[in-house]
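A structural walkthrough
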Amino acid sequence: MARYHGLTLRVMGKRAPAMGPGKAELIERIAETGSISAAARAMGMSYRRAWQLVEALNKDYREPVVVTATGGARGGGAAVTPFGKHVVRLYRQMEDKAGAAIAADLRRFQRYIP
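First, a word on scope: everything that follows refers to the structure included in this document. Once a new chain begins, its residue numbering starts again from 1 and follows that chain's sequence as written. Local features in this predicted model are restricted to residues of pLDDT 70 or higher, and side-chain atom pairs are both shown and tallied only at a pLDDT of 80 or more, whereas totals for entire chains, interfaces and linings draw on every residue. As a rule here, side-chain values come from all non-hydrogen atoms in the structure, and water together with hydrogens is ignored.

1. Some points on the pattern of salt bridges
In plain terms, the rule: We define a salt bridge as a contact between a side-chain nitrogen of Lys or Arg and a carboxyl oxygen of Asp or Glu at a distance within 4 Å. Strands are runs of DSSP state E lasting at least 2 residues, helices are runs of H or I lasting at least 4, and numbering of each runs from the N terminus. Relative accessibility under 20% of the residue-type maximum defines a buried residue, over 50% an exposed one, and the middle range a partly exposed one, all with a 1.4 Å probe and only protein chains included.
Per the counting criterion, the structure on display carries 5 salt bridges. For Arg92, the salt bridge goes to Glu28, with nearest N and O atoms at 2.8 Å. Here Glu28 lies in helix H1 (residues 21-33) and Arg92 lies in helix H4 (residues 82-101), a separation of 64 residues in the sequence. Here Asp105 and Arg108 are joined by a salt bridge, their closest N and O atoms 2.3 Å apart. Placement of the pair is Asp105 and Arg108 together in helix H5 (residues 103-110), with a separation of 3 residues, close to one helical turn. Look at Arg108 and you get partly exposed, because its relative accessible area is 40%. Within the structure, one salt-bridge network assembled from shared partners comprises Glu28, Arg92 and Glu95.

2. A look at the layout of surface pockets
We count it as follows: Lining residues are defined by having an atom within 4 Å of a point belonging to a cavity or pocket. Those points lie on a 1 Å grid over the protein atoms alone, cavities being sets where a 1.4 Å probe fits but cannot get out and pockets being open sets with protein on both sides within 12 Å along at least five of seven lines. Grid points are joined across faces, edges and corners, and a volume is the space filled by probe spheres set on the points. In the scheme used here, Gly and all other residues not listed as nonpolar or charged are polar, with Ala, Val, Leu, Ile, Met, Phe, Trp, Tyr, Cys and Pro taken as nonpolar and Asp, Glu, Lys and Arg as charged.
Its boundaries defined by the atoms lining it, the largest pocket holds a volume of some 210 Å³. As for the largest pocket, its lining consists of Gly13, Lys14, Arg15, Ala18, Asp60, Tyr61, Arg62 and Phe83. Taken together, the residues of the lining of the largest pocket sort by class into 3 nonpolar, 1 polar and 4 charged.

3. A few points about the pairing of strand E4 (residues 77-80)
What counts is decided by this rule: In this description, strands pair whenever DSSP reports at least two bridges between them.
Every second residue of E4 is oriented toward a common face, the buried set being Ala78 and Val80 and the non-buried set Gly77 and Ala79. In terms of strand pairing, strand E3 (residues 66-69) meets E4 through 4 bridges, oriented antiparallel. Following the sheet pairing, Thr68 is matched in E4 by Ala78.

4. Things to note about the nonpolar core
Which entries qualify depends on this criterion: The definition of a nonpolar core used throughout is a set of buried Ala, Val, Leu, Ile, Met, Phe, Trp, Tyr and Cys residues joined through side-chain atoms within 4.5 Å. Throughout, a residue-residue contact means that at least one pair of heavy atoms, one from each residue, lies within 4.5 Å.
Formed by 22 residues in total, the largest nonpolar core has its most connected members in Met19, Leu26, Ile27, Ile30, Tyr61 and Val66. If near-sequence neighbours (up to four positions away) are discounted, Met19 is found in contact with Leu9, Arg10, Val11, Ala24, Ile27, Leu57, Tyr61, Val87, Val88 and Tyr91.

5. Digging into the packing of aromatic side chains
This is how the line gets drawn: Ring geometry is summarised as follows: Phe, Tyr and Trp rings, the Trp one being its six-membered ring, pair when their centres sit within 6.5 Å, and such pairs are stacked at plane angles under 30 degrees, edge-to-face over 60 and tilted between the two.
If you walk through the whole model with that rule in mind, you get 2 aromatic pairs. Ring centres 6.4 Å apart and planes at 20° place the aromatic pair Tyr47 and Trp51 in the stacked group. Residue Tyr47 and its partner Trp51 are both found in helix H3 (residues 47-60); the two are separated by 4 residues, about one turn of the helix. Under the relative-accessibility criterion, Tyr47 is labelled partly exposed at 45%. Taking relative accessible area as the criterion, Trp51 reaches 29% and is therefore assigned partly exposed. Between Tyr61 and Phe83 the ring centres are 6.1 Å apart and the planes differ by 70°, which places this aromatic pair in the edge-to-face class.

Here you go:
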């Protein structure tokens, strides 16, 4: 799931990073599991931290990225909105483009790192 290009892309918002590798992975895992807690567990993250990131994501964008449902016989759940899926897809595309654009430079640079 997590990708590594030798660089970390963060898209800055007004207050904080609007998207980075951790937020993108969290959104992808929520989409897979339908659960914030399951996504957090899969990432080795506390539920509280995952919930804080979801709240931040929903505040940082013009539309909700993740919606939640509470209660019921089977408990609540979470779903990534179509907008949230679109934002992650755009982020992953930018990440791939940036990695491809500097791949040769990164290979040369990494020769100097033990």
